[in-house]
2 protein chains.
Amino acid sequence: MTGVTKELLLEDISVCPPANHTEPIDRAVAESMAMILKAVADPARLQLLSILKYAPNQEACVCDLTAPLGLSQPTVSHHLKVLADAGLVSRERRGSWAWFSLVPVRLDELRSFLE
Amino acid sequence: MTGVTKELLLEDISVCPPANHTEPIDRAVAESMAMILKAVADPARLQLLSILKYAPNQEACVCDLTAPLGLSQPTVSHHLKVLADAGLVSRERRGSWAWFSLVPVRLDELRSFLE
């Protein structure tokens, strides 16, 4: 190695401060959590989750979820599908209506992760 | 009101179960929280936050954040800008390099909200 090359390398090291590397979380974990976070990162979906959280038995009929949000039933159904796909709510048919229940373990998982 | 109309109304009530309405969270709060959640809802940004969280003084030089993520510096800088815009990290210039620090109060706000 020539003196010039060595000098350049030393300069590089001095420019970027010595790293106190901490490893990032595993990419697969980050991807899984980002998927849940994307599902909740919407004002209407946060409002739906908040209704379910405080509803009796943490469940509600889809027909009771449109008025409080001021959105059409297809729009509310779309948001509920996104939440169901992320495992945040579960869906059950009762008579003519779909009922949605909170899956608290999934939100717990998110909270623990953010700790 | 005729008997027929009354019957129809009663039927409507019986189809959609009696609502135990709980009010959703305020729309403005939901929008503000959705904005922070969108900023963290990305695998690379979650990895950046995890590095900062465990780094000495919860800060790191941008030049030390590219290698652990295996991403280019422009890409890392873009992700850091999204986090900074959401108030999750703060930016400071030191010599030739930008340093980023975690803003723990913002993540605390998110965690409290998810409680």
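The residue numbering used here restarts from 1 in each chain and proceeds along that chain's sequence as written. Chain labels run from A onward and ligand labels from 1 onward, assigned in the order the entries are written. Local features in this predicted model are restricted to residues of pLDDT 70 or higher, and side-chain atom pairs are both shown and tallied only at a pLDDT of 80 or more, whereas totals for entire chains, interfaces and linings draw on every residue. Processing note: side-chain calculations cover all non-hydrogen atoms of the structure and skip hydrogens and water entirely.

## A few points about the sheet that holds strand E3 (residues 97-102) of chain B
Residues and elements named next belong to chain B. Inclusion rule: When DSSP finds two or more bridges between two strands, those strands count as paired. By definition, any uninterrupted DSSP run of H or I lasting at least four residues is a helix, any uninterrupted run of E lasting at least two residues is a strand, and each is numbered from the N terminus. A fitted line through C-alpha atoms represents every axis, and for helices the fit uses only the stretch in contact; the resulting angles, taken between N-to-C directions, go from 0 to 180 degrees.
Across the sheet, three strands lie side by side as E1-E3-E2; this open sheet has antiparallel pairing. Each end of this open sheet is capped by a strand with a single partner; those strands are strand E1 (59-61) and strand E2 (89-94). Going across the sheet, the axis of each strand differs from the next one's by a mean of 25°, ignoring polarity. Relative to E3, E1 runs antiparallel, the two sharing three bridges. Across the sheet, the residue bridging to glutamate 59 is serine 101, located in E3.

## Notes on the interface of chain B and chain A
Where we set the bar: Contacts are assigned to residue pairs that have any heavy atoms within 4.5 Å of one another. Any Lys or Arg side-chain nitrogen located within 4 Å of an Asp or Glu carboxyl oxygen qualifies as a salt bridge. Just so you know the grouping, Ala, Val, Leu, Ile, Met, Phe, Trp, Tyr, Cys and Pro go in nonpolar, Asp, Glu, Lys and Arg go in charged, and all remaining residues, Gly too, go in polar.
Contact with chain B, which involves 45 residues of that partner, is made by 45 residues of chain A. Counting across the chain B and chain A interface gives zero salt bridges. When contributions to the side of chain B that touches chain A are tallied by element, the ones reaching two or more residues are helix H2 (27-40), helix H3 (43-54), helix H4 (66-69), E3 and helix H6 (104-114) of chain B. Per-class residue counts for the side of chain B that touches chain A are 29 nonpolar, six polar and ten charged.

## Some thoughts on the sheet that holds strand E1 (residues 59-61) of chain A
All names here are of chain A. Reading across from one edge, E1-E3-E2 is the order of the three strands in this open sheet, with antiparallel pairing throughout. Two strands lie at the open edges of the sheet, namely E1 and strand E2 (89-94), each paired on one side alone. The mean angle between the axes of side-by-side strands here comes to 25°, regardless of whether they run parallel or antiparallel. Inspection of the sheet shows E2 paired to strand E3 (residues 97-102) by six bridges, in the antiparallel sense. Bridge pairing links glutamate 92 to tryptophan 99 in E3. Contacts from helix H3 (residues 43-54) reach E1, E2 and E3, with the element oriented near 80° to E3.

## So, unusual backbone geometry
Residue and element names in this part refer to chain B. Applicable threshold: For every residue, the accessible area obtained with a 1.4 Å probe (protein chains only) is divided by the maximum for its type, and the residue is called buried under 20%, exposed over 50%, and partly exposed between those limits.
In this structure, asparagine 57 takes a positive phi of about 60° despite not being glycine. Exposure remark for asparagine 57: the relative accessible area of 68% places this residue in the exposed category. One non-glycine residue, glutamine 58, lies in the positive phi region at around 50°. The topology assignment puts glutamine 58 in the loop between H3 and E1.

## Description of the relation of the copies chain B and chain A
What counts, and what does not: Superposition of the copies used a least-squares fit over C-alpha atoms from residues whose pLDDT is at least 70 in both.
Between the two copies, chain B and chain A, the superposition gives an RMSD of 0.0 Å; the rotation angle is 180° and the shift along the axis is 0.0 Å. Given the turn and translation reported, the copies of this chain are related as if by a two-fold rotation axis. Interface residue correspondence from chain B to chain A reaches 100%, placing this contact among same-surface, isologous pairings.

## Observations concerning the packing of aromatic side chains
Centre-to-centre distance and the angle between the planes together describe a pair of aromatic rings. Residues and elements named next belong to chain B. Threshold: Only the six-membered ring of Trp is used, alongside the rings of Phe and Tyr, when aromatic pairs are assigned; centres must lie within 6.5 Å, and planes under 30 degrees apart are stacked while those over 60 apart are edge-to-face, with the rest tilted. A positively charged side chain is recorded as over a ring if its NZ (Lys) or CZ (Arg) lies within 6 Å of the ring centre. The angle to the ring normal must also be within 35 degrees.
Enumeration according to the criterion identifies zero aromatic pairs over all chains in this entry. The ring of tyrosine 54 is capped by lysine 53, whose NZ or CZ atom sits 5.8 Å from the centre of that ring. When the ring centre of tryptophan 99 is taken as origin, the NZ or CZ atom of arginine 94, which lies over that ring, is 4.4 Å away.

## Concerning the environment of Val105(A)
Residues and elements named next belong to chain A. With respect to the helices and strands, the residue valine 105 is situated in helix H6 (residues 104-114). Under the relative-accessibility criterion, valine 105 is labelled exposed at 56%. Taking the C-alpha atoms as reference points, valine 105 and leucine 80, 25 residues apart in sequence, are found 17 Å from one another.

## Describing H2(B)
Our working rule: For a helix, the expected span equals 1.5 Å multiplied by the residue count minus one. The definition of a polar contact used here is a pair of N or O atoms within 3.5 Å, where within protein one atom must be able to donate a hydrogen and the other to accept one, and adjacent residues in sequence count solely through side-chain atom pairs.
Here H2(B) is 14 residues long and its end C-alpha atoms lie 20 Å apart, about the 20 Å a rise of 1.5 Å per residue gives. Lining the buried residues of H2(B) we find helix H2 (27-40) and H3 of chain A together with H3, helix H5 (73-85) and H6 of chain B. The N-terminus of H2(B) is capped by Asp26(B), whose side-chain oxygen sits 3.1 Å from the backbone nitrogen of Ala28(B).

## Observations regarding the packing of H3(A) against helix H5 (residues 73-85) of chain A
Residue and element names in this part refer to chain A. Put simply, the rule reads: Our angle categories are set so that under 35 degrees counts as roughly parallel, over 145 as roughly antiparallel, 65 to 115 as roughly perpendicular, and the remainder as oblique.
At a closest axis distance of 10 Å, the pairing of H3 and H5 adopts a crossing angle of 75°. On the basis of the axis angle, H3 is roughly perpendicular to H5. Between H3 and H5, the contacting residues are Ala44, Arg45, Leu48 and Leu49 on the first element and Val76, His78, His79, Leu80, Val82 and Leu83 on the second. A class-by-class count of the residues in the contact of H3 with H5 yields seven nonpolar, two polar and one charged.

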